[in-house]
Amino acid sequence: MLEMKKIDERESQEEGETTKHSDLDFTFIESAEAQMAAADYEVPEKLRTLHHLVIQYASQGRYEVAVPLCKQALEDLERTSGHNHPDVATMLNILALVYRDQQKYMEAASLLHDALRIRETTLGENHPAVAATLNNLAVLYGKRGKYKEAEPLCKKALAIREKALGVDHPDVAKQLNNLALLCQNQGKFEEVEGYYRRALDIYNAKLGPDDPSVTKTMNNLVKRLYCLCCLYLTHLDDVCTEGICIPEAREIQSCRDFVQASAGSSSWERVWWAR
C-alpha cells in the first residue's frame, strides 16, 4: 500500500490534475446498475439505501447532491463509530467512486488508500471487501492509463475473491473481466483470451446462458478474437506463403472454432447482431 501511495504522490507532483486518463472502458462492471448491485460484504444492508441514492445522483451528473450526501454520512459515521470502522471504509469507497466519475483521480485514490487500510486492519487482508477496494483502485489506475500499476492490484483482488468466495463465484468472473481489460491494453493477448474464457464459463454455469453478463463477456472475447484474426490474415502472406505451419494459424483456427461452437446459441445471436 505504501508503494501505491508513492506512485500517486509522484504523479501528483509531476502532473497535478492534468493526469491523462485512459480511453479504457470499464463500464461493463462499473456501471450504475452494477454498483447498485454490490454484494453485502461490500456495502452492508444499513448503508445500501444511501449507496443507491448516491450512485443514482452520480449517474445523473448531480454531483452537487451526491458529494454532500456522502460527506455528511461520512461525518455522522465517524462521530458515532470512529474513523477506523468498516462502515467508514464503505463510505470512503462510495465517495471515491463519485470523485472518480468526476475525474478527480487524486482525491479518489487518497480515499481508497484510506479505505483499504481500514478494511485490512479491521476485517483482515483476505476479506472480500478488501478485494473490492483493491479492484476500485485497479479500475482507477486503469482509467488513468496506468495499466502496469493496476494489474497487480487486480490480480491480488482476484486471489482474495477466489479464496474467500470460491473459484466459480460470479464476482470472480467480474474480476477476470477487469484483468482481461488491463492485459488487453498492455498487449498481453494470450492472457486476455484465457481470462475472458474463464469468466464466460463461470457466468454460463452460475447465471445461465441468457444472463446479460454472458453476452457482454462473449462480446469482449469475440472482439478480441476477431481483431486478432484480422491482424493475422492481413499479414499472413508476409509470414508464410502457405499459411498453415505457423503459430498464428492456430490462433486463426481458435477464432473459427469459437465462432462455430457458439453458432446457434441465443447468446451468440445477440452478440452477432450487436456488432
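Shown above is the structure to which this text applies.
Residues numbered from 1 in each chain as written. Predicted model: local features only at pLDDT ≥ 70, side-chain atom pairs only at ≥ 80, totals over all residues. Heavy atoms only, no water.

### Let's talk about the pattern of salt bridges
Piece 1. Applying the stated rule across the entire model yields nine salt bridges.
Piece 2. Of the charged contacts, one joins R79 and D76 as a salt bridge, the two residues approaching to 2.7 Å between their closest N and O atoms. Within this pair, R79 and its partner D76 are both found in helix α5 (residues 63–81), separated by three residues, close to a single helical turn.
Piece 3. Judged by relative accessible area, which is 27%, D76 ranks as partly exposed.
Piece 4. E151 serves as the salt-bridge partner of K188, at 2.8 Å between the closest nitrogen and oxygen. Of the two residues, K188 sits in the loop between α10 (170–184) and α11 (189–207) while E151 sits in helix α9 (residues 147–165), which places them 37 residues apart along the sequence.
Piece 5. Here E151 falls in the buried class, since its relative accessible area comes to 5%.
Piece 6. A single salt-bridge network, built from bridges that share partners, covers E151, K155 and K188. (Salt bridge = Lys/Arg side-chain N within 4 Å of Asp/Glu carboxyl O. Helix = DSSP H or I, 4+ residues; strand = E, 2+ residues; numbered from the N terminus. Buried < 20%, exposed > 50% of the residue type's maximum accessible area, 1.4 Å probe, protein only.)

### Points about α5
Piece 1. Between its first and last C-alpha atoms α5 spans 26 Å; for 19 residues at 1.5 Å apiece the expected length is 27 Å, and the two agree.
Piece 2. If you check which residues of α5 are buried, you get A66, V67, C70, A73, L74 and L77. Mapping the buried residues of α5 onto a view down its axis gives an arc of 135°, with all of them on the same face. When the buried face of α5 is taken as reference, the exposed residues oriented beyond 90 degrees from it are E64, R79 and T80.
Piece 3. On its buried side, α5 packs onto α4 (45–59) and α6 (86–101).
Piece 4. At the exit of α5 stands G82, carrying a positive phi of roughly 90°. (Expected span 1.5 Å × (residues − 1). Arc of directions from axis to C-beta. Contact = heavy atoms within 4.5 Å.)

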